[in-house]
Amino acid sequence: MNIQRIKIAATALLSALLLLAGCGGGGGTPAPTQPPTVAAPTGVTATGGTNQVTLAWNPINEADSYTIYWSSTLPLTKANGTRIEGAVSPYLHSVTVSQTYYYFVTAVKNGVESEPSAQASTVSAHNGEALYATNCSGCHGPLAAPTFHDRTFAGIKAAIAANRGGMGVLSSLTDTEIANIVLVLPNHH
Ligand code: HEC
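So, a few notes on the structure that sits alongside this text. (Residues numbered from 1 in each chain as written. Predicted model: local features only at pLDDT ≥ 70, side-chain atom pairs only at ≥ 80, totals over all residues. Heavy atoms only, no water.)

The omega angle of the peptide bond from leucine 74 to proline 75 is 0 degrees, so this bond is cis rather than trans. Of the consecutive residues serine 89 and proline 90, the connecting peptide bond is found in the cis state with omega at 0 degrees. Structurally, the position occupied by proline 90 is in the loop between β4 (82–85) and β5 (91–94). The phi angle at asparagine 110 is positive, at roughly 50 degrees, despite the residue not being glycine. (Helix = DSSP H or I, 4+ residues; strand = E, 2+ residues; numbered from the N terminus.)

Right under this line is the structure:
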């Protein structure tokens, strides 16, 4: 056997071994590399209710937790959105003002946050008209022309606190309820 033949034999053996190794175990496909973070949540929906928005999304098995970002203006980014950490779907977001709210959700795994989900938005409703009818119209007339002058949150709070005209009975109205009454009052003139 000369050197040349040994070389050829060795090369053939090496090729056979490499072929075997390549086919060994996993059927030839290399193991997929793990993504650095968890995937962004999908199926994010926002549904407006009275003084609240309900957010929901599809749970992700690998996620440790979720973070909601929201804003009432666009663009919504991780940098400028208001964060709500540790949220669970469905999440009830309490809001006071009837307007459009924009959201996206991220998943968190090992302290690393996913990319933002697709954005969802909705308009929340409020019950200002109903609150006025129940609590104010009996003494102050219809919503179109209230008989009081101070249409501000502070003015109404002060009138209730001072029990003006017996308004002290309204002390159980929450700040949100008063804010929603202010929303529907005709503007100053
Ligand atoms: C039980 C009757 C009664 C109810 C109910 C009532 N008010 Fe009054 N309110 C009065 C009277 C009477 C005055 C004027 C009394 C005074 O000036 O001393 C007054 C005064 C006020 C004032 C201050 C005066 C002004 O003109 O700015 C505001 C503001 C006001 N009311 C808002 C409201 C709102 C809003 C509601 C409902 C959440 C309400 N009130 C419910 C009887 C009532």
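With that out of the way, let us pick up the nonpolar core. Within the largest apolar cluster, 18 residues are counted, with the highest numbers of intra-cluster contacts made by Trp57, Tyr66, Ile68 and Tyr103. The biggest single contributor to this core is strand β6 (residues 100–109), with four residues. Ignoring any residue separated from it by four or fewer positions in sequence, one finds isoleucine 68 in contact with Leu55, Trp57, Thr82, Arg83, Ile84, Ala87, Tyr91, Tyr103, Phe104 and Val105. Judged by nonpolar contacts, the second largest core, of 13 residues, contains Tyr132, Ala159, Leu173 and Leu185. (Core = buried A, V, L, I, M, F, W, Y, C linked by side-chain atoms within 4.5 Å. Buried < 20%, exposed > 50% of the residue type's maximum accessible area, 1.4 Å probe, protein only. Contact = heavy atoms within 4.5 Å.)

Attention now goes to the pairing of strand β1 (residues 45–49). Look at any regular strand and the pattern is simple: side chains alternate between the two faces of the sheet. Bridging between β1 and strand β2 (residues 52–56) involves five bridges; their strand directions are antiparallel. Paired with glycine 49 across the two strands is glutamine 52, which belongs to β2. Linkage of β1 to β2, two consecutive antiparallel strands, is achieved through a turn of two residues, within which asparagine 51 is found at a positive phi near 60 degrees. (Pairing = 2+ DSSP bridges.)

To continue, consider the packing of helix α2 (residues 128–135) against helix α5 (residues 175–184). The packing of two helices is summarised by the inter-axis angle and the distance between the axes. It is the contact of α2 with α5, at a shortest axis distance of 8 Å, that shows an interaxial angle of 100 degrees. Judged by the inter-axis angle, α2 sits roughly perpendicular to α5. Side by side, α2 and α5 meet where Gly128, Glu129, Leu131 and Tyr132 of the first sit next to Glu177, Asn180, Ile181 and Val184 of the second. (Axes fitted to C-alpha atoms, helices over the stretch in contact; angles between N-to-C directions. Parallel < 35°, antiparallel > 145°, perpendicular 65-115°, else oblique.)

Looking now at the packing of aromatic side chains. For the coordinates displayed, the defined rule picks out three aromatic pairs. Over the ring of phenylalanine 148 we find arginine 151, and its NZ or CZ is 5.6 Å from the ring centre. (Phe/Tyr/Trp six-rings, centres within 6.5 Å; stacked < 30°, edge-to-face > 60°. Lys NZ or Arg CZ within 6 Å of the ring centre and 35° of its normal.)

Turning next to the coordination of the iron atom of the ligand. For the iron atom of the ligand, every protein donor is listed as His140 (NE2) and Met167 (SD), and the spread of their distances is 2.0 to 2.2 Å. One can describe the donor arrangement at the iron atom of the ligand as octahedral, given that its six donor atoms subtend angles of 84 to 179 degrees at the metal. With histidine 140 in helix α3 (residues 137–140) and methionine 167 in the loop between α4 (153–161) and α5, the pair connects residues that are 27 residues apart, well separated along the chain. Per residue, the accessibility class of histidine 140 equals that of methionine 167, and both read buried. (Donors = N, O, S within 2.8 Å, 3.2 Å for Na, K, Ca; no water. Tetrahedral: all angles 85-135°; square planar, octahedral: opposite > 155°, others 65-115°.)

This brings us to the site of the ligand. Around the ligand lies a shell of 15 residues, among which Cys136, Cys139, His140, Arg164 and Met167 are the nearest. Between histidine 140 and the ligand, the recorded distance is 2.7 Å, taken from a side-chain N or O atom to a nitrogen atom. The backbone of histidine 149 places a nitrogen or oxygen atom 2.7 Å from an oxygen atom of the ligand. Judged by the fraction of its atoms near the pocket grid, the ligand is located in the largest pocket. (Near = heavy atom within 4 Å. Polar contact = N/O pair within 3.5 Å; in protein donor to acceptor, adjacent residues only side chain to side chain. 1 Å grid on protein atoms, 1.4 Å probe; cavity = no way out; pocket = protein on both sides within 12 Å on 5 of 7 lines; lining within 4 Å. Sits in = over half its atoms within 2 Å of the grid points.)

Distances and angles like these do not, on their own, reveal function.
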